[in-house]
Amino acid sequence: MRRRTEPAVAASGRWIDEDGVRAPGGSVHAWRPGTNQTLCGVPLHKAGLQRFPHVLWIDARWLAETTEERIVLCHRCAAAAGDRPGRRWTRVHPRP
Ligand SMILES: [Zn+2]
């Protein structure tokens, strides 16, 4: 159960993670399922962005910090998603 509505992501690229799950790569934007544009207002089809309804924005943030893949998070979406500079996510991810 999600305690609040977290945005998912849309991205310009993709890669397959070690579990065989499609993961966002390249330019990554926050996106709410059911809409056809990113949180920062970019139309998905015009920008050629793929939808990743199974990947939450906060997970993409974590991926960007932990993976070797090139992931560039959109700072305008970060602001729109309520991120604050210097704020650390308290969510705990198990690491190998
Ligand atoms: Zn964006």
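In short, a report on the structure.

Definitions and cut-offs
- Residues numbered from 1 in each chain as written.
- Predicted model: local features only at pLDDT ≥ 70, side-chain atom pairs only at ≥ 80, totals over all residues.
- Heavy atoms only, no water.
- Helix = DSSP H or I, 4+ residues; strand = E, 2+ residues; numbered from the N terminus.
- Buried < 20%, exposed > 50% of the residue type's maximum accessible area, 1.4 Å probe, protein only.
- Contact = heavy atoms within 4.5 Å.
- Donors = N, O, S within 2.8 Å, 3.2 Å for Na, K, Ca; no water.
- Tetrahedral: all angles 85-135°; square planar, octahedral: opposite > 155°, others 65-115°.
- Phe/Tyr/Trp six-rings, centres within 6.5 Å; stacked < 30°, edge-to-face > 60°.
- Lys NZ or Arg CZ within 6 Å of the ring centre and 35° of its normal.
- Pairing = 2+ DSSP bridges.
- Axes fitted to C-alpha atoms, helices over the stretch in contact; angles between N-to-C directions.

All right, on to the overall build of the chain then. Counting its secondary structure elements, the chain contains 3 helices and 4 strands. Moving toward the C terminus, one meets the helices and strands of the chain in the order β-β-α-β-α-β-α. Burial statistics for the chain: of 96 residues in total, 38% are counted as buried. Relative to all contacts within the chain whose residues are 6 or more apart in sequence, the contacts with residues 24 or more apart total 57%.

Here we take up the environment of P24. Tracing the backbone through its elements, the reader meets P24 in strand β2 (residues 22–31). For P24, a relative accessible area of 0% gives the class buried. Those residues in contact with P24, other than ones at most four positions away along the chain, are V9, A11, G13, W15, F52, V55, L63 and I71.

On to the environment of A10. Relative to the elements of secondary structure, A10 occurs in strand β1 (residues 8–16). Spatially, the C-alpha atom of A10 lies 5.3 Å from that of H29, the residues being 19 residues apart in sequence. In contact with A10, other than residues within four places in its own chain, are S27, V28, H29, W31, L44, L49, Q50, R51 and F52.

Turning next to the coordination of the zinc ion. Six octahedrally arranged donors around a metal ideally form angles of 90 or 180 degrees; four tetrahedrally arranged donors ideally form angles of 109.5 degrees. Bound to the zinc ion are the protein donor atoms H29 (ND1), C40 (SG), C74 (SG) and C77 (SG), situated 2.1 to 2.3 Å from the metal. Geometry at the zinc ion is tetrahedral, judged from the 4 donor atoms that bind it and their angles of 103 to 117° at the metal. Binding-site remark: the zinc ion is held by donors from one chain whose sequence spacing is H-x10-C-x33-C-x2-C. Of this pair, H29 sits in strand β2 while C40 is found in the loop between β2 and α1 (44–47), placing the two residues 11 residues apart along the sequence. You can call H29 buried: its relative accessible area is 12%. Judged by relative accessible area, C40 falls into the buried class, the value being 17%.

Next up on the list: the side chain of E6. Relative to the helices and strands, E6 resides in the segment before β1. Using a relative accessible area of 13% as the deciding quantity, one classes E6 as buried.

Next up on the list: the packing of aromatic side chains. Tallied over the full model, the rule gives 0 aromatic pairs. Above the plane of the ring of F52 lies R22, whose end atom (NZ or CZ) is 4.4 Å from the centre.

This part takes up the sheet that holds β1. Across the sheet, which stays open at both edges, the 4 strands sit in the order β3-β1-β2-β4 with mixed pairing between neighbours. Both outer strands of the open sheet, β3 (50–56) and β4 (71–73), are each paired with one neighbouring strand and no more. The mean angle between the axes of side-by-side strands here comes to 35°, regardless of whether they run parallel or antiparallel. Examined bridge by bridge, β1 and β3 share 4 bridges and lie antiparallel to one another. Looking at the pairing, V9 lines up with F52 of β3.

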